[in-house]
There are 2 protein chains.
Amino acid sequence: MARAGLTAERVVRAGAELADEIGFEQVTPSELARKLGIKTASLYSHVRNAHDLKTRIALLALEELADQASAAIAGRAGRDALRAFAHTYRDYASQHPGRFAAARFRLDADTAAASAGVRHSRMMRAILRGYDLPKLQETHAVRLLGSVFNGYVELELAGSFSHSAPSSDESWTEVLDALDSLLRNWPAPP
Amino acid sequence: MARAGLTAERVVRAGAELADEIGFEQVTPSELARKLGIKTASLYSHVRNAHDLKTRIALLALEELADQASAAIAGRAGRDALRAFAHTYRDYASQHPGRFAAARFRLDADTAAASAGVRHSRMMRAILRGYDLPKLQETHAVRLLGSVFNGYVELELAGSFSHSAPSSDESWTEVLDALDSLLRNWPAPP
DNA sequence: TAAGTTACCTAAGAGTATTAGGCAAATGTA
DNA sequence: TACATTTGCCTAATACTCTTAGGTAACTTA
């Protein structure tokens with residue numbers, strides 16, 4: 001019997017591809033085994049179980065996304081950085097919808113803390129340094145940015161913006177301009 | 001054999017409760033049948049299949065949420081309406097996390113168009129009427145609001161805000177103030 | 001009370017997740 | 001080169017899950 005020469009890493013990468021093809025929810029050991037041309041049981045030497053598989057795909061996606069975002073904001077500040085970061089997010093989601101869904105997979109606290117997820121919030125904080133926000137408002141602003149990026153992309157992926165004018169592209173740039181303006185005129189706390 | 005006296009509607013309501021107990025993803029025919037004390041196969045006289053069950057729970061949740069939001073914004077305008085609407089969203093999600101997840105279940109286009117989802121965007125548009133937005137910017141603003149509300153609540157539910165100060169409650173009010181301020185000073189298009 | 005409806009059942013087929021144990025291909029060692 | 005070890009993949013088996021088909025007994029209505 002010829003071997004496929006798989007490793008845990010190759011399995012996870014194939015899982016990520018599969019997620020982009022059929023959706024992250026639909027990625028299961030049996031489906032992935034089919035794609036790889038091996039028996040389902042054979043996967044269990046590379047991955048602990050179905051949940052472990054999904055977790056690893058999520059970690060991969062978080063890492064990839066952080067890498068791309070980090071490259072995008074390098075050397076930029078203020079509005080430019082904000083736009084570059086946001087575009088990276090949206091582009092990644094449209095090119096890799098399954099991976100993006102994976103990045104939103106709910107990890108347990110420890111795994112999340114050790115994931116590339118923390119780089120994401122660090123980058124947002126870095127972007128905010130280009131705006132003159134009161135120190136105490138920074139976390140609020142980070143949470144707002146995270147909410148908008150995740151929320152917008154998810155709604156768009158769900159098709160919520162595709163059945164009415166104006167185009168989602170247009171809204172996206174307007175929304176980013178609005179956010180930029182908001183960050184430059186953040187309301188003073190009471 | 002004593003009958004449980006179920007109907008499609010009671011089944012769906014039980015499904016919604018189950019979602020709040022164990023999570024929407026985990027709601028399956030077999031699990032629901034267990035909760036109801038009947039055999040799995042018996043569910044199929046009330047519901048077409050697993051997907052149909054989830055769809056109906058989603059529609060129920062959208063309806064409930066729209067009802068509550070509609071009651072909350074009645075008689076209010078501007079900042080008050082914005083806050084009332086937003087709080088309804090967040091409260092519903094924290095009291096009914098499973099139903100809230102259900103409300104985000106991806107419906108096919110026709111079902112979505114016939115769902116209470118359309119009431120949600122109508123309400124957001126109504127709220128925006130309290131602000132003096134350029135007509136063309138209204139849709140962009142609706143999309144921004146939807147993104148923030150969905151995004152924030154989802155991140156919060158995922159625990160993203162629970163492991164660092166300040167509290168999510170605090171961020172939520174700051175974020176809403178920021179949104180209010182943004183809507184009152186929406187940047188002029190180029 | 002007889003007829004019709006229907007809420008629930010049992011039975012069965014196909015598929016999935018997971019574990020246990022086996023063999024043969026790749027790899028390291030003498 | 002020959003041997004031992006590791007390991008990548010297999011078959012087999014268990015215990016689910018979803019779904020369909022057909023039956024029966026409990027309610028409803030005339």
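Further up the page is the structure itself.
About the cut-offs
Residues numbered from 1 in each chain as written. Chains lettered and ligands numbered in written order. Predicted model: local features only at pLDDT ≥ 70, side-chain atom pairs only at ≥ 80, totals over all residues. Heavy atoms only, no water. Helix = DSSP H or I, 4+ residues; strand = E, 2+ residues; numbered from the N terminus. Buried < 20%, exposed > 50% of the residue type's maximum accessible area, 1.4 Å probe, protein only. Contact = heavy atoms within 4.5 Å. Areas by Shrake-Rupley, 256 points an atom, 1.4 Å probe, with all protein chains shown as cover. Lys, Arg positive; Asp, Glu negative; His and termini not counted. Charge placed at Lys NZ, Arg CZ, Asp CG, Glu CD. Salt bridge = Lys/Arg side-chain N within 4 Å of Asp/Glu carboxyl O. Buried area = accessible area lost by both parts, 1.4 Å probe. Least-squares fit on C-alpha atoms with pLDDT ≥ 70 in both. Expected span 1.5 Å × (residues − 1). Axes fitted to C-alpha atoms, helices over the stretch in contact; angles between N-to-C directions. Left-handed = near helix turned anticlockwise from the far one by under 90°. Nonpolar A, V, L, I, M, F, W, Y, C, P; charged D, E, K, R; others polar.

Trainee: Give a detailed account of the overall build of chain A, specifying residues and quantitative values.
Mentor: Looking only at helices and strands, chain A has 9 helices and 0 strands in total. Each helix (α) and strand (β) of chain A, taken in turn from the N terminus, gives the series α-α-α-α-α-α-α-α-α. For the C-alpha atoms alone, the extent of chain A along its principal axes is close to 70 × 40 × 30 Å. Burial analysis of chain A (190 residues in total) assigns 47% to the buried set. Here the contacts in chain A between residues at least 6 apart in sequence split such that 70% fall between residues at least 24 apart. In the structure as shown, chain A presents an accessible area of about 9,300 Å², 50% of it carried by carbon and sulfur atoms. Between the averaged position of the 23 positive side-chain charges in chain A and that of its 23 negative side-chain charges there is a distance of 6 Å.

Trainee: Please provide a residue-by-residue account of the pattern of salt bridges, values included.
Mentor: Enumeration according to the criterion identifies 38 salt bridges over all chains in this entry. One salt bridge connects Arg 13 of chain A with Glu 9 of chain A, and the closest N-O pair in it is separated by 2.8 Å. Residue Arg 13 of chain A and its partner Glu 9 of chain A are located together in helix 1 (residues 8–22), separated by 4 residues, close to a single helical turn. On the basis of relative accessible area, Glu 9 of chain A is assigned to the exposed category, the value being 52%. A salt bridge links Glu 21 of chain B to Lys 35 of chain B; its shortest N-O distance comes to 2.9 Å. Highlighted residues: Glu 21 of chain B in helix 1 (residues 8–22) and Lys 35 of chain B in helix 2 (residues 29–36), separated in sequence by 14 residues. Three or more residues joined by partner-sharing salt bridges are found here, namely Arg 79, Arg 83, Asp 177, Asp 180 and Arg 184 of chain A.

Trainee: Before we move on, can you summarise the interface of chain B and chain A with the specific residues and values?
Mentor: If you look at the interface, chain B gives 37 residues, while chain A gives 37 residues. In total, about 2,900 Å² of surface goes out of reach between chain B and chain A, with carbon and sulfur atoms giving 60% of it. When the buried surface of chain B facing chain A is broken down by residue, His 140, Arg 143 and Glu 174 of chain B rank first, second and third, together holding 22% of it. Linking chain B with chain A are 2 salt bridges. Residues Glu 154 of chain B and Arg 104 of chain A are paired through a salt bridge, measuring 2.5 Å at the closest nitrogen-oxygen approach.

Trainee: Break down the relation of the copies chain B and chain A for me, citing the residues and quoting the values.
Mentor: The two copies are related by a screw motion: chain B maps onto chain A through a turn of 180° and a shift of 0.0 Å along the axis, at an RMSD of 0.0 Å. Here the transformation between the copies is reduced to the relation of a two-fold axis. Every residue of chain B has its C-alpha some distance from the rotation axis, and the shortest such distance is that of Gly 151 of chain B, at 2.0 Å. Here 100% of the contact residues of chain B are again contact residues in chain A; the copies associate through an equivalent surface.

Trainee: So, helix 1 of chain B: which residues are in play, and what are the values?
Mentor: Residue and element names in this part refer to chain B. Helix length check: helix 1 (15 residues) gives 21 Å between terminal C-alpha atoms against 21 Å at 1.5 Å per residue, within 8%. Restricting attention to buried positions, one finds in helix 1 the residues Val 11, Val 12, Ala 14, Gly 15, Ala 16, Leu 18 and Ala 19. Where helix 1 is buried, its residues meet helix 2, helix 3 (50–73) and helix 5 (97–103). A positive backbone phi angle near 100° is found at Gly 23, which sits one or two residues after helix 1.

Trainee: For the packing of helix 7 (residues 117–128) of chain B against helix 8 (residues 138–157) of chain B, give the residues involved together with the corresponding values.
Mentor: Residues and elements named next belong to chain B. The geometry of helix 7 relative to helix 8 is characterised by a closest axis approach of 10 Å and an angle of 115° between their N-to-C directions. Classified by chirality, the crossing of helix 8 by helix 7 is right-handed. Counted together, Met 124, Arg 125 and Leu 128 of helix 7 and Glu 138, Thr 139, Ala 141, Val 142, Leu 145, Gly 146 and Phe 149 of helix 8 form the full contact between these two elements. Partitioned by chemical class, the residues of the contact of helix 7 with helix 8 number 6 nonpolar, 2 polar and 2 charged.

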